[in-house]
Amino acid sequence: MKLLKKISLVVLVVFIAMQFFSPTKNVSPGNHAKVFITETNPTPELKSLFENSCYDCHSNNTKYPWYNNIAPISYWMANHVNEGKEHLNFSEWDTYSLDKKDHLLEEIEEEVVEGKMPLTEYTYTHGDAKLSENQVNDLVEWVKQTRIIYQLGKQPK
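The notes below deal with the structure included here. Bear in mind the structure is a predicted one, so any value in this text is a computation, not a measurement. (Residues numbered from 1 in each chain as written. Predicted model: local features only at pLDDT ≥ 70, side-chain atom pairs only at ≥ 80, totals over all residues. Heavy atoms only, no water.)

**Description of the overall build of the chain**
In plain terms, the rule: A run of H or I in DSSP counts as a helix once it spans at least four residues, and a run of E counts as a strand once it spans at least two, with each numbered from the N terminus. Relative accessible area decides the class of each residue, using a 1.4 Å probe on protein chains only: under 20% of the type maximum gives buried, over 50% gives exposed, and in between gives partly exposed. Residue contacts follow a heavy-atom distance rule, with two residues in contact if any of their heavy atoms lie within 4.5 Å. Computed by Shrake-Rupley with a 1.4 Å probe, the accessible areas treat only the displayed protein chains as cover when residues are assessed.
Counting its secondary structure elements, the chain contains 8 helices and 0 strands. Of the regular secondary structure in the chain, the N- to C-terminal order runs α-α-α-α-α-α-α-α. Along the first, second and third principal axes, the C-alpha atoms of the chain reach 75 × 30 × 25 Å. With 157 residues in all, the chain has 35% of them scored as buried. Counting contacts in the chain only where the partners sit at least 6 residues apart, residues at least 24 apart contribute 78% of the total. Carbon and sulfur atoms form 59% of the exposed surface of the chain, whose accessible area is close to 10400 Å².

Written out as structure tokens, the structure is:
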């Protein structure tokens, strides 16, 4: 029993100590998706969809909920955001080549159609991020049209 108390005390001390050392937040000023929005020209509905369902994990600016201030949740969320930005960062759209942009759009379509994005655990606490069937269909149609622009940009002139 003494061993269990010692382990519990160590866990409690570690938990309390973690509260003082939180990961760096993904927050920076500016319009993070300006180039993406200007270049791809989504409808107002799709623009809102990106804002509600994508940007928190796939841009340089995350809107954090209150519970992100509690460790270890803050570490878990930081990991999700960093991983999301590794795959796609709308704030870095202007740095991607035409081929990469085309491929990323293809990936967006695939992930959304397969129900992998937005992440289920994200939609638990962000109900408005969950995509309806109509939103998925609109997004897929937009992706197909937008990819044509990038594919035509790769054609010899």
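**Thoughts on the packing of helix 3 (residues 44-53) against helix 8 (residues 133-153)**
Keep this limit in mind: Axis geometry follows a simple rule: fit a line to the C-alpha atoms, using only the stretch in contact for helices, then measure angles between N-to-C directions, giving values from 0 to 180 degrees. Under this scheme an angle from 65 to 115 degrees is roughly perpendicular, one under 35 degrees roughly parallel, and one over 145 degrees roughly antiparallel; angles in between are oblique. Gly counts as polar in this scheme, as do all residues outside two lists: the nonpolar Ala, Val, Leu, Ile, Met, Phe, Trp, Tyr, Cys and Pro, and the charged Asp, Glu, Lys and Arg.
Viewed as axis vectors pointing N to C, helix 3 and helix 8 meet at an angle of 110 degrees, and their least axial separation amounts to 11 Å. One way to sum up the angle between helix 3 and helix 8 is to call them roughly perpendicular. For the pair helix 3 and helix 8, contact is made by Leu46, Leu49 and Phe50 and by Gln135, Asp138, Leu139 and Trp142, respectively. Its residues placed into classes, the contact of helix 3 with helix 8 shows 5 nonpolar, 1 polar and 1 charged.

**Focus on the layout of surface pockets**
Spelled out, the test is: Every definition here rests on a 1 Å grid over the protein atoms only: cavities are sets of points where a 1.4 Å probe fits but cannot get out, pockets are open sets enclosed by protein on both sides within 12 Å along at least five of seven lines, and lining residues have some atom within 4 Å of a point. Grid points are joined across faces, edges and corners, and a volume is the space filled by probe spheres set on the points.
Approximately 510 Å³ is the volume found for the largest pocket. Around the largest pocket, the lining is made up of 24 residues, and of these His58, Gly84, His87, Glu111 and Met117 lie nearest the centre. At the level of elements, helix 3, helix 4 (55-58), helix 5 (73-87) and helix 6 (98-113) are the ones that each hand at least two residues to the lining of the largest pocket. For the lining of the largest pocket, the element with the most residues is helix 6, which contributes 5 residues.

**Digging into helix 5**
Helical geometry: 3.6 residues make up each α-helical turn, so side chains three or four residues apart lie on a common side. To keep it simple, the criterion reads: Working rule for helices: expected span equals 1.5 Å times residues minus one. Arc definition: directions from the helix axis to the C-beta atoms.
Given a rise of 1.5 Å per residue, 15 residues ought to cover 21 Å, and the 22 Å separating the end C-alpha atoms of helix 5 matches this to within 8%. Within helix 5, the full set of buried residues consists of Ser74, Met77, Ala78, Val81 and Gly84. Around the axis of helix 5, the buried residues are gathered within 130 degrees of arc, so they sit on the same side. Away from its buried face, by an angle of more than 90 degrees, helix 5 presents the exposed residues Glu86 and His87. Its buried side turned inward, helix 5 meets helix 4.

**Section: the packing of aromatic side chains**
The geometry of two aromatic rings is summed up by the distance between their centres and the angle between their planes. What counts here: Centre distance within 6.5 Å is the pairing criterion for rings of Phe, Tyr and Trp, where only the six-membered ring of Trp is used; planes under 30 degrees apart are then read as stacked, over 60 as edge-to-face, and the remainder as tilted.
Summed over all chains, the structure comprises 12 aromatic pairs. With a centroid separation of 6.5 Å and 25 degrees between ring planes, the pair formed by Phe90 and Trp93 is classed as stacked. In this structure Phe90 comes out as buried when scored by relative accessible area, which is 2%. Under the relative-accessibility criterion, Trp93 is labelled buried at 0%.

**Concerning unusual backbone geometry**
With an omega dihedral of 10 degrees, the bond running from Ala71 to Pro72 counts as a cis peptide bond. Tracing the backbone shows Pro72 in the loop between helix 4 and helix 5. The backbone of Asn41 sits at a positive phi, close to 50 degrees, despite the residue not being glycine. Turning to its location among the elements, Asn41 is positioned in the loop between helix 2 (34-40) and helix 3.

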